[in-house]
Amino acid sequence: MTGATGTVAGVVAAAALAGDAAATGRGAAGAAGPAGGAREVVHRELRGMWIATVANIDWPSKTGLTAAKQRAELVSYLDEAVDRRLNTVILQVRPSADALWPSTYEPWAACLTGTQGKDPGWDPLGTAVEEAHARDLELHAWFNPYRVANHTDPSRLTASHPARRNPGWVVPYGGKLYYNPGLPEVRSFVQDAMLDAVRRYDIDAVHWDDYFYPYPVSGQSFADDAAFKKYGGGFSGRAAWRRDNIDRLVRETGERIKALKPGVRFGISPFGVWRNASTDALGSPTSAGVETYDDLYADTRGWVRKGWVDYICPQLYWNIGLAAADYRKLVGWWDTTVRGTEVDLFIGEALYKAGDPAQPAAWQDPAELSRHLDVAAGYDQVRGHAYFSAKSVVTDRIGAMDRLVADHYRSRARAPR
């Protein structure tokens, strides 16, 4: 990790942001229009970076590092965010029904020591909040509500794990274990587990990704017959009941966050297609193989229109011009979806695809991501971007991040509020 200027970040960041305060938003000098070009100064714009901990995707680089080494790696990522003139880190703190803080509900995360439940000897979330804020970075705590494990063997969980104490809560599916969203006691528990971090730390936002009911696996069924029989009687069918389960989780969590700490935001980063227009006239001009409303039972458009979230950050992980899911068309659809609401729209960007030889030709061009920001600048509801993920921000395989920063992030900007 570079982190070259991060060592003085705490000193210079306040002055840099004070200078940015003179700007007046998207109409500031140098702001790009639909035709593209670099924004010199932007007053409020999310510039985020996901730091994934599940399976040690980004951090820690491997399990079993000393507390000092883990901390050094984390701080280096924060310094990298400052160097890239980002303003937000989205840190995965509950990757698989375990925790990166001393939770009173769930065990220590396995990604830290290699052994679930083993104390790593420090408080990663507490340190992340403190060090991020020292650099004028927002810290969004990223939680996965229902995933329990990336395997199907409960005996591999620590003996005190809630999933072992309550085996009736758990459903094996697609080679993984999940909490059953159809059980009210599960919904209450996962909220309590996540809100423990909100209560104890000065986080800036609660952030969820795209995992609600699991992505469909061909030939397999999610075994929730008993829960549906018990709780699904008032619904038109299982799909409507499942959507209501997720709706309740979203609405209740948002309400509880605001009751606990009104200043903490609630944001979700879903798969980028709600429904195809061929399925629903309100859907996007896409032909995606997955639709969140029908396959994940996640009514992402409904959450926005009902104002249940503070921000939505759809994962638009496709290139401009892709026939099945054109980045440009999806930005336009989401811009229309949030218009007239108080929900901020950020765009999730697939930096990890840049330079990947398995990806289409568009992703071999270092300018593809910079063009994404040119496109988004033509839509006044788009208030920023987040990049997956931190390791790709650092390695920057073909210089796509370098190009994007040079074109669009010439000065620092504050995150929207």
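Look up a bit, the structure's there.
This text gives an overview of the structure that appears in the document.

Thresholds, definitions, all that
Residues numbered from 1 in each chain as written. Predicted model: local features only at pLDDT ≥ 70, side-chain atom pairs only at ≥ 80, totals over all residues. Heavy atoms only, no water. Axes fitted to C-alpha atoms, helices over the stretch in contact; angles between N-to-C directions. Helix = DSSP H or I, 4+ residues; strand = E, 2+ residues; numbered from the N terminus. Contact = heavy atoms within 4.5 Å. Nonpolar A, V, L, I, M, F, W, Y, C, P; charged D, E, K, R; others polar. Pairing = 2+ DSSP bridges. Buried < 20%, exposed > 50% of the residue type's maximum accessible area, 1.4 Å probe, protein only. Polar contact = N/O pair within 3.5 Å; in protein donor to acceptor, adjacent residues only side chain to side chain. Phe/Tyr/Trp six-rings, centres within 6.5 Å; stacked < 30°, edge-to-face > 60°. Salt bridge = Lys/Arg side-chain N within 4 Å of Asp/Glu carboxyl O. Left-handed = near helix turned anticlockwise from the far one by under 90°.

### Re the packing of helix α12 (residues 368-376) against helix α14 (residues 400-408)
So, point 1. Relative orientation of the contacting elements α12 and α14 amounts to 35°, with a least axis distance of 7 Å. Here Leu-369, Ser-370, Leu-373 and Asp-374 of α12 come into contact with α14, specifically with Ala-400, Arg-403, Leu-404, Asp-407 and His-408.
So, point 2. Here the contact of α12 with α14 is composed, by residue class, of four nonpolar, two polar and three charged.

### Things to note about the sheet that holds strand β5 (residues 170-173)
So, point 1. Read across the open sheet, the three strands follow the order β4-β6-β5; overall the sheet is antiparallel. Taken across any chain shown, the strands that pair with only one partner, and hence form the sheet edges, are β4 (147-149) and β5. For this sheet the average axis-to-axis angle between neighbouring strands, irrespective of direction, equals 35°.

### Focus: helix α4 (residues 124-134)
So, point 1. Counting buried positions over the eleven residues of α4 gives eight, a clear majority of the element.
So, point 2. Here α4 has its buried residues at Pro-124, Leu-125, Gly-126, Thr-127, Ala-128, Val-129, Glu-131 and Ala-132.
So, point 3. Where α4 is buried, its residues meet α2 (67-83), β2 (88-94), α3 (110-113), β3 (138-143) and α6 (184-200).
So, point 4. Measuring from the backbone nitrogen of Leu-125 back to the side-chain oxygen at the start of α4 gives 3.4 Å, which picks out Asp-123 as the cap.

### Thoughts on the packing of aromatic side chains
So, point 1. Summed over all chains, the structure comprises 24 aromatic pairs.
So, point 2. Ring geometry for Tyr-211 versus Tyr-215: centroids 5.6 Å apart, planes at 70°, classification edge-to-face.
So, point 3. A centroid spacing of 6.2 Å and a plane angle of 80° characterise the contact between Tyr-215 and Phe-271, whose relative ring orientation is edge-to-face. In this pair, Tyr-215 sits in the loop between β7 (205-208) and α7 (225-231) while Phe-271 sits in the loop between β8 (265-268) and α9 (292-296), placing the two residues 56 residues apart along the sequence.

### What to know about unusual backbone geometry
So, point 1. In this chain, Trp-59 is followed by Pro-60 through a cis amide linkage whose omega measures -15°.
So, point 2. Counting through the fold element by element, Pro-60 comes out in the loop between β1 (46-51) and α2.
So, point 3. In this structure, Asp-396 takes a positive phi of about 45° despite not being glycine.
So, point 4. Here Asp-396 shows up in the loop between α13 (390-395) and α14.
So, point 5. The class of Asp-396 is buried, set by a relative accessible area of 8%.

### Concerning the sheet that holds strand β11 (residues 382-387)
So, point 1. Here eight strands make up a closed barrel; going around it, the order is β1-β2-β3-β7-β8-β9-β10-β11 and the pairing parallel.
So, point 2. Bridge analysis of β1 against β2 gives four bridges, and the strand direction is parallel. When the sheet's bridge partners are listed, Gly-48 is paired in β2 with Thr-88.
So, point 3. Packed on one face of the sheet, α4 meets β2 and β3 and runs near 150° to β3.
So, point 4. Sheet contacts for helix α8 (residues 238-260): β7 and β8; angle to β8, the most-contacted strand, approximately 155°.

### Re the pattern of salt bridges
So, point 1. Evaluated as defined, the whole model comprises 27 salt bridges.
So, point 2. A salt bridge links Arg-47 to Glu-45, with the shortest nitrogen-to-oxygen separation between them at 2.8 Å.
So, point 3. With a relative accessible area of 0%, Arg-47 lands in the buried category.
So, point 4. A residue is classified by how much of its surface remains accessible, and Glu-45, at 1% relative accessible area, is buried.
So, point 5. The partner of Arg-371 in a salt bridge is Asp-365, and the shortest N-O contact between them spans 2.7 Å.
So, point 6. Residue classification places Arg-371 among the partly exposed positions, given a relative accessible area of 33%.

### With respect to the packing of helix α11 (residues 327-338) against α12
So, point 1. For the pair α11 and α12, the least separation of the axes is 10 Å and the interaxial angle reads 35°. Classified by chirality, the crossing of α12 by α11 is right-handed. Taken together, the residues of α12 that come into contact with α11 (itself represented by Tyr-327, Arg-328 and Val-331) are His-372, Val-375 and Ala-376.
So, point 2. Classifying every residue of the contact of α11 with α12 gives four nonpolar, one polar and one charged.

### Here we look at the environment of Thr-395
So, point 1. Following the sequence through the fold, Thr-395 ends up in helix α13.
So, point 2. Counting along the chain gives 43 residues from Thr-395 to Tyr-352, while the straight-line C-alpha distance between them is 9.7 Å.

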